[in-house]
Amino acid sequence: MKEESGSFSSSLKDFHDLSLKLIGLADKGRFNSDYFREAADLLLPFLKAKCLNYLSDDAESYYRFTYCLDENDHGKIAANFVSYDNLTDIIPGHEAIKPIGLTLEQLEAATFTGMIADGDHLLANGDVYFSDTRDLELSSAYSTILILKIKQQEQVVGVISLGWHHKTVIAVNEMELLHYIADIIGFSRTHRRAKFLLGERIKELKTIYKISRLGMEPGKSLDDVLAGAAEIIPPGFLHPDSACCKIVYANREFASKNYETPTYSLKADIMAGNEVKGHVEVSYTSKLDSISKSPFLKEEESMLEAIAGELGHVAERKHFEEERERLQQQLLHADRLVTVGQLTAGVAHELNEPLNGILGFAQLIKKSGSIDQGVEKDIDKIIKASLHGREIIRKLMLFSRQAEPEKKMFNINERIDDGLYLLETRLKKSNIILHKEFEDDLPLIEIDPSQLNQVMVNLVVNAIQAMPDGGTLTIKTKSLINAVNVIVEDTGVGMDEEQINKIFIPFYTTKGVNEGAGLGLPVALGIVQSHHGTIDVKSEPGKGTVFTVKLPVKEEKKNG
């Protein structure tokens, strides 16, 4: 390049066309690096320069972008990025400095911070121009350097430096046009930033909307929503091809299908009911080229916080829906029990009379003595079936609470022993070991002893039937504040949640046709509730069942 005044030899139309192209680039690409790669492709040939550097602030740090032509002006050297925590760390001294002996990076940083001392090289607006760097012993490979400040609303947000290998004189009118180009680059930065933030906000709203919509779909459980959210979230981040997600909630994990060991991670807590219930984590699975310390943007940190907040709202709503469903089922159950109680009272009375007639005539026929052996066996079956039917009616009458319990103050340990006495033989035949762990000095409770026996018989028989191959039956009593617990624990087959929800429904049974009518546990519940108590059930398939009967203490009396 020859030394000349007005080295660019460009018309106003050429600058105008260049300006339009630079403005057009503001709408292209997602990253600043994309913009400056393409801007350098336009500027370097136009200005006949060899290298373009761009130093700018970014979030909590600074970065420097370098783009150079090779010696033959063919092709480009790959763009390089360097990041700095603080520009003053690379500038010698903290006062006004002279450019002698500085590197180009130091000179750019000093121009950015306004620390260059006055001199012929310092232009009126703070830009720096060296038409011949050899006279100033500048540590640079370029003979001519121009450093232009990039401003955003009068604030310096970066500098752009241009380097020529040979001495290049920039005419006054060309310098004015270059300042205009610097203003265009500043405008492009502002425009791109605003557009980028708008795009990030739109992605955030879309992601939250999708999660909210998923949470409102009928029939979707909280687990379904969290699993779906793990797939919805990654596309909303800057590098969706490398992004994955994992949600941890109440010790359960839900990961996106592409989840791998992360290279970078961003995490936000999920709050539900004013408590931290878990977290949502977005990760990148591969190393990314980034001008920042973290590949995640500040805007993405805010976005993940908003997503975590929405997940917390969805979780609270799902918990509320589940609780409402549970209460509705309890109401339906209670209503069903009331209806069955009303029906059984009438049915029991209607059945008792004909059943007693069948039983009475069958017993008379058997006593007549004028029947053969085969007929007598049939009569025995009629009598046995009639007695069984009468027992069912008796249980139905108990269930419908047709008779008021005769309550008295009793030692519950003694009453339980009385009830178990009739079942000990059956326990031995069933190869079941009985453990009794009765707490001493229990308070007396007001109960109907026959009804308590009925409860214990029903619970123990239920346990025996749950241990067809034998096992261990443990019965405990325990004193609480103003209550006594009776615990019946077996090592049987156990129940799943669906079975637990049905065991107190009249006529529901998991036993064979001739093994039960499905009234034992409903009758037990009715009796306990008539004593103002409760029955709690805990069970898992293959791990046995624990029934806990809680009965209130009416008076503060002790045994003895």
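Quick caveat: nothing in here was measured; it's all calculated off a predicted structure. (Residues numbered from 1 in each chain as written. Predicted model: local features only at pLDDT ≥ 70, side-chain atom pairs only at ≥ 80, totals over all residues. Heavy atoms only, no water.)

Describing unusual backbone geometry
Positive phi values are uncommon outside glycine, yet N431 reaches one of about 60°. As for its placement among the helices and strands, N431 is situated in the loop between α9 (424–429) and β12 (432–438). Among the residues examined, N431 registers a relative accessible area of 57% and is labelled exposed. Positioned with a positive phi, D441 is a non-glycine residue whose angle comes to about 55°. Examined against the element boundaries, D441 turns out to sit in the loop between β12 and β13 (445–447). By relative accessible area, which is 45% here, D441 ends up partly exposed. (Helix = DSSP H or I, 4+ residues; strand = E, 2+ residues; numbered from the N terminus. Buried < 20%, exposed > 50% of the residue type's maximum accessible area, 1.4 Å probe, protein only.)

Here we look at the nonpolar core
Ranked by internal contacts, the top residues of the largest apolar core, which has 39 residues, are I412, V460, L473, F504, I535, F547 and L551. Those elements that place two or more of their residues in this core are α8 (412–421), β13, α10 (449–466), β14 (471–480), β15 (483–490), α12 (520–530), β16 (534–539) and β17 (545–552). Considering every element that reaches this core, the biggest residue donor is α10, with eight residues. L47, L146, M175 and L178 belong to the second-largest nonpolar core, a separate cluster that totals 35 residues. (Core = buried A, V, L, I, M, F, W, Y, C linked by side-chain atoms within 4.5 Å.)

A word on α12
Residues spaced three or four apart along an α-helix point in a common direction, a consequence of the helix completing one turn every 3.6 residues. α12 sits mainly inside the fold: nine of its eleven residues count as buried. Three or more residues of α12 are buried, namely L521, P522, V523, A524, L525, G526, I527, V528 and S530. Downstream of α12 by one or two residues, H532 has phi in the positive range, about 65°.

Topic: the packing of helix α1 (residues 12–25) against helix α4 (residues 172–215)
Running from amino to carboxyl end, α1 crosses α4 at an angle of 15°, the nearest separation of the two axes being 9 Å. Between α1 and α4, the angle falls in the class roughly parallel. In this structure, α1 meets α4 at a crossing whose hand is right-handed. For the pair formed by α1 and α4, the contact residues are L12, F15, L18, S19, L22, I23 and L25 on the first element and L177, Y180, I181, I184, F187, S188 and R192 on the second. Tallied by class, residues from the contact of α1 with α4 come to eleven nonpolar, two polar and one charged. (Axes fitted to C-alpha atoms, helices over the stretch in contact; angles between N-to-C directions. Parallel < 35°, antiparallel > 145°, perpendicular 65-115°, else oblique. Left-handed = near helix turned anticlockwise from the far one by under 90°. Contact = heavy atoms within 4.5 Å. Nonpolar A, V, L, I, M, F, W, Y, C, P; charged D, E, K, R; others polar.)

Description of the environment of I464
Relative to the helices and strands, I464 is located in helix α10. Setting aside residues no more than four positions away along its own chain, I464 makes contact with R426, L427, S430 and I432.

Considering the sheet that holds β17
Spatially, five strands are ordered β12-β14-β15-β17-β16 in an open sheet, and the strand pairing comes out mixed. Edge strands, defined here as strands with exactly one partner in the open sheet, are β12 and β16. Going from strand to strand, the sheet's axes swing by 15° on average, the running direction of each strand aside. Where β12 lies against β14, seven bridges are found, and the strand directions are parallel. Each residue of the ladder has a partner; that of E437, found in β14, is K476. (Pairing = 2+ DSSP bridges.)

Side note on the sheet that holds strand β10 (residues 275–284)
Spatial ordering of the open sheet is given by β8-β7-β10-β9, a layout of four strands whose pairing is antiparallel. In this open sheet, the two edge strands, each paired with only one partner strand, are β8 (252–255) and β9 (264–272). Across the sheet, the mean angle separating the axes of adjacent strands is 20° when strand polarity is ignored. As paired elements, strand β7 (residues 243–249) and β8 share four bridges and run antiparallel to each other. Its bridge partner being in β8, K246 is matched across the sheet by A255.

Observations regarding the packing of α4 against helix α5 (residues 222–232)
At a minimum axis distance of 9 Å, the contact between α4 and α5 shows a crossing angle of 160°. Our classification of the angle between α4 and α5 gives roughly antiparallel. Viewed along their axes, α4 and α5 form a crossing whose handedness is right-handed. Contact with α4, carried on its side by T207, K210, I211, L214 and G215, involves D224, V225, G228, A229 and I232 of α5 and no other residues of that element. Here the residues of the contact of α4 with α5 are counted per class, giving five nonpolar, three polar and two charged.

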